[in-house]
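What follows is each chain in one-letter form.
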Amino acid sequence: MLATVHLTVAGDVTEERYLTPGSPDPSVVLLRQGGGFGPRSPGRHRAGRLRGACDGELAVGQIVRGLAAVLDVSVDDVAADVLPSVRGLVSDGLLLVGR
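Residues numbered from 1 in each chain as written. Predicted model: local features only at pLDDT ≥ 70, side-chain atom pairs only at ≥ 80, totals over all residues. Heavy atoms only, no water.

**What to know about the environment of Gly61**
- Structurally, Gly61 is set in helix H2 (residues 60-71).
- Measuring from C-alpha to C-alpha, the distance between Gly61 and Thr4 comes to 6.2 Å, with 57 residues separating the pair along the chain. (Helix = DSSP H or I, 4+ residues; strand = E, 2+ residues; numbered from the N terminus.)

Shown next, in the form of structure tokens:
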């Protein structure tokens, strides 16, 4: 179950952010992987926050609950928004299963 998995960002992943000056949030976030086939993945706002917390310390479910609290939205809404992206990033090797 993904909620109990601890993830880390692969060491060769970089992030690009594009935003309009004065905007609080970027309009585009891209992840690039330097190795392998060099996959590139568009980021999403909530999924980007989850990726930023993937240092292996917290399980995905803990991060989702924390995001829900910070964003003042339901855990189910956050999970529905981010988990498909997280599964894809794990499948592509941009996020690595830690423990």
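**With respect to the pattern of salt bridges**
- Counted under the stated rule, the structure contains three salt bridges.
- Linking Arg17 and Glu15 is a salt bridge whose minimum nitrogen-to-oxygen distance equals 2.5 Å.
- By relative accessible area, which is 35% here, Glu15 ends up partly exposed.
- Connected through salt bridges with shared partners, the residues Glu15, Arg17 and Arg51 form a single ionic network. (Salt bridge = Lys/Arg side-chain N within 4 Å of Asp/Glu carboxyl O. Buried < 20%, exposed > 50% of the residue type's maximum accessible area, 1.4 Å probe, protein only.)

**Concerning H2**
- Between its terminal C-alpha atoms H2 stretches 16 Å, which fits the 16 Å expected from 12 residues at 1.5 Å a residue.
- Positive phi appears at Asp72, one or two residues downstream of H2, with a value of about 55 degrees. (Expected span 1.5 Å × (residues − 1).)

**Regarding helix H3 (residues 75-92)**
- Look at H3: 25 Å from first C-alpha to last across 18 residues, which is about the 26 Å you get at 1.5 Å a residue.
- Taken as a whole, H3 carries its principal kink of about 35 degrees at Val82; the proline Pro84 stands between one and four residues after it.
- Of all the positions in H3, only Val78, Ala79, Asp81, Val82, Leu83, Val86 and Leu89 are classed as buried. (Bend = angle between axes of the 7 residues up to and from the residue.)

**What about the side chain of His6?**
- Here His6 is to be found in strand E1 (residues 6-9).
- A polar atom in the side chain of His6 sits 3.4 Å from the backbone oxygen of Glu57. (Polar contact = N/O pair within 3.5 Å; in protein donor to acceptor, adjacent residues only side chain to side chain.)

**A closer look at the environment of Gly66**
- Along the chain, Gly66 turns up in helix H2.
- The exposure class assigned to Gly66 is partly exposed, which follows from its relative accessible area of 33%.
- C-alpha of Gly66 to C-alpha of Val78: the two residues are 12 residues apart in sequence and 9.8 Å apart in space.

**Describing the packing of H2 against H3**
- The geometry of H2 relative to H3 is characterised by a closest axis approach of 9 Å and an angle of 120 degrees between their N-to-C directions. Overall, the two elements H2 and H3 adopt an arrangement that is oblique. Here H2 runs over H3; the crossing is right-handed. On the side of H2, the interface is formed by Val60, Val64, Arg65, Leu67 and Ala68, while H3 contributes Val75, Val78, Ala79, Val82 and Leu83.
- When grouped by side-chain class, the residues that make up the contact of H2 with H3 number nine nonpolar, no polar and one charged. (Axes fitted to C-alpha atoms, helices over the stretch in contact; angles between N-to-C directions. Parallel < 35°, antiparallel > 145°, perpendicular 65-115°, else oblique. Left-handed = near helix turned anticlockwise from the far one by under 90°. Contact = heavy atoms within 4.5 Å. Nonpolar A, V, L, I, M, F, W, Y, C, P; charged D, E, K, R; others polar.)

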